[in-house]
Structure formats: C-alpha cells, structure tokens
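# Per-entry structural report
Letter by letter, the chains look like this.
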Amino acid sequence: MGMIGYYFRANEDLVNQIKSGENEDVFYHEDFENNLLDVDKSWHAIHFVLTGQVWDAPDDELLSHVVMGGQPLEDMDMGYGPARLLERDLVKNLAEALDHWDEASFREKFHVKDMIENQVYPVMDNKDEEDFFEYVWFYFLELKNFFKEAADRNEYIISYIA
C-alpha cells in the first residue's frame, strides 16, 4: 500500500464542521468524491522538485506549502500525521505559483539520482528516470489543476498522508 498523498477541497462551512469533529469521515464520503484528489506516492517527489528540500522548507518559501504546508488540524491523525489546512489566500497564492510550472521547468529540477541520494519516497535505485518522471508529472498536473479549481471557488485545501 504505502504512504498516499491526499488533497481535499472544502468551503468554510465544511472546514468548520471538520474542525468541530462533526464530519471527520467526510474525506472519503461519496457525496464529496469530487473534492478529493489522490496523488498516490508522488507527493514527496513533487515536494522535492518544487523546493529542493527533502522534508521541511522555510515557511517563507511559498512552494514548500504545497505538500508540507498549512496548519495541523488537531486530533486528526490521518495515518502519517495530522491533516493540514491551507487557508484560502494561501491556496490562491499557491495556484498562481504552480501555474508558472510547465513540463520543461519541472523536468529541469527533476533528478532521480538526487532523489535516491536524499531518500525521497518512493524512489529506489531501479527506477527508470523517464518512467518515474511521467508518473510524477501526471500527478503534478492533477495537483496544479486541483489548486486552480480550489482558488477559483475560493475554497480551502486540506492535505494529508494516509
């Protein structure tokens, strides 16, 4: 199975319900299936490409918030730590920043050898760079579109790894 990255779009009412504990199971409810994005195991490679960092990155580095950012939602361990809330203004800023990333700029920062040396999940020595690039690029495009949609709808994003 592994460590799967998830993103969930939510309006203010839904965020308040989740924070109050009323709707902790909402993430996988069929009524909200269009609000959920599964980026599989690509989340760590995306973070590494965007920031050059293995885990944390400075808070003032905008792109560090795409995967590792936001405020933890207390008492909501999703399997590998708490769900994290990205505020609407941050979602808009991230959507704008991600919009500048095209395939050429992403590929320029994408180096499997560096990922292996830095133990970026789920990269292993036997990974074919082109195949792995296509895998990560596919999910990055999904994530980029997800942030744009959330920004256009003035929504929050909740991210977590399960």
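See the structure printed just above.
Below: a short report on this structure. (Residues numbered from 1 in each chain as written. Predicted model: local features only at pLDDT ≥ 70, side-chain atom pairs only at ≥ 80, totals over all residues. Heavy atoms only, no water.)

### Focus on the overall build of the protein
To keep things clear, this is the line we draw: Secondary structure follows DSSP: runs of H or I at least 4 residues long count as helices, runs of E at least 2 residues long count as strands, and numbering of each begins at the N terminus. Exposure classes here rest on a 1.4 Å probe applied to the protein chains alone. A residue is buried below 20% of its type maximum, exposed above 50%, and partly exposed in between. Shrake-Rupley sampling with a 1.4 Å probe provides the accessible areas, and residues are treated as covered by the protein chains on show and by no other component. Lys and Arg are tallied as positive, Asp and Glu as negative. Neither His nor the chain termini are counted. Lysine's charge is taken at NZ, arginine's at CZ, aspartate's at CG and glutamate's at CD.
Scanning the protein for helices and strands turns up 7 helices and 5 strands. Secondary structure elements of the protein, listed N to C terminal, follow the sequence β-α-β-α-α-β-β-α-α-α-α-β. Structurally, the protein occupies a C-alpha span of about 45 × 30 × 30 Å along its principal axes. Counting all 162 residues of the protein, 46% fall into the buried class. Element-wise, carbon and sulfur atoms account for 43% of the exposed surface of the protein, whose accessible area totals about 8700 Å². When the 13 positive and 36 negative side-chain charges of the protein are each reduced to one mean point, those points stand 4 Å apart.

### A word on the sheet that holds strand β4 (residues 82-86)
Backbone hydrogen bonds hold the strands of a sheet together, and the pairing may be parallel or antiparallel. Put simply, the test is: Strands are labelled as partners when DSSP assigns at least two bridges between them. To obtain an axis, a line is fitted to C-alpha atoms, over the contacting stretch when the element is a helix, and the angle between two such axes runs from 0 to 180 degrees between their N-to-C directions. The contact definition used throughout considers only heavy atoms, calling two residues in contact when any of these lie within 4.5 Å.
Taken in spatial order, the 5 strands line up as β2-β1-β5-β4-β3 in an open sheet, and their pairing is antiparallel. Each edge of the open sheet is held by one strand with a lone partner, namely β2 (36-38) and β3 (71-77). Going across the sheet, the axis of each strand differs from the next one's by a mean of 25 degrees, ignoring polarity. In the sheet, strand β1 (residues 5-10) pairs with β2 via 3 bridges, with the strands oriented antiparallel. Bridge assignment links F8 to a residue of β2, and that residue is L36. Relative to the sheet, helix α7 (residues 129-152) contacts β1, β2, β4 and β5 (156-161), its axis offset from that of β1 by approximately 15 degrees.

### Comments concerning the nonpolar core
In a soluble, globular protein the nonpolar side chains are often hidden away together inside. The condition is simple: In this text, buried Ala, Val, Leu, Ile, Met, Phe, Trp, Tyr and Cys residues form a nonpolar core when linked through side-chain atoms within 4.5 Å.
In terms of nonpolar packing, the biggest core is built from 40 residues, with Y7, V66, F106, F110, M115 and F147 touching the most fellow members. Going through the elements one at a time, α2 (43-51), α3 (65-68), α4 (88-99), α6 (112-117), α7 and β5 are the ones with two or more residues in this core. Sequence-distant contacts of Y7, that is, excluding residues within four places in its chain, are made with N35, L36, L37, V39, V66, V67, L143, F146, F147, I157, I158 and S159. With 17 residues, the next largest nonpolar core counts I4, L14, V15 and M78 among its residues.

### Here's the deal with unusual backbone geometry
In this chain, Y121 is followed by P122 through a cis amide linkage whose omega measures 0 degrees. Looking at the element boundaries, P122 is found in the loop between α6 and α7. Phi at D40 is positive, roughly 55 degrees, even though this residue is not glycine. Within the secondary structure layout, D40 lies in the loop between β2 and α2. Its relative accessible area of 22% is what places D40 among the partly exposed residues. Not every positive phi belongs to a glycine, and N154 is a case in point at roughly 60 degrees.

### Some points on the packing of aromatic side chains
The condition is simple: When the centres of two rings from Phe, Tyr and Trp lie within 6.5 Å, Trp using its six-membered ring, the rings pair. Their planes under 30 degrees apart give stacked, over 60 give edge-to-face, and anything left gives tilted.
On inspection of all chains with the given rule, the structure shows 22 aromatic pairs. Ring centres of F8 and F32 lie 6.2 Å apart, and the angle between their planes is 65 degrees; on these two criteria the pair is classed as edge-to-face. On the criterion of sequence distance, the pair formed by F8 in strand β1 and F32 in the loop between α1 (12-20) and β2 is long-range, its members being 24 residues apart. Using a relative accessible area of 0% as the deciding quantity, one classes F8 as buried. On the basis of an interplanar angle of 75 degrees and a centroid distance of 5.4 Å, the ring pair of Y135 and Y139 is categorised as edge-to-face. Note that Y135 and Y139 are positioned in helix α7 at a spacing of 4 residues, about one turn of the helix. The class of Y135 is partly exposed, set by a relative accessible area of 24%. An aromatic cluster is present here, built from W101, F106, F110, F132, F133, Y135, W137, F138, Y139 and F140 joined pairwise through their rings.

### Brief notes about a negative patch on the surface
Here is the rule: Each patch is built from salt-bridge-free residues with over 30% relative accessible area, joining like charges within 9 Å and nonpolar side chains (Val, Leu, Ile, Met, Phe, Trp, Tyr) within 5 Å. Basic side-chain nitrogens of Lys or Arg form a salt bridge, by our definition, when they fall within 4 Å of a carboxyl oxygen of Asp or Glu.
Judged by side-chain charge, D114, E117, D128, E129 and D131 come together as a negatively charged surface patch. When contributions to the negative patch are tallied by element, the ones reaching two or more residues are α6 and α7. Residue position: D114 is located in helix α6. Look at D114 and you get partly exposed, because its relative accessible area is 31%.

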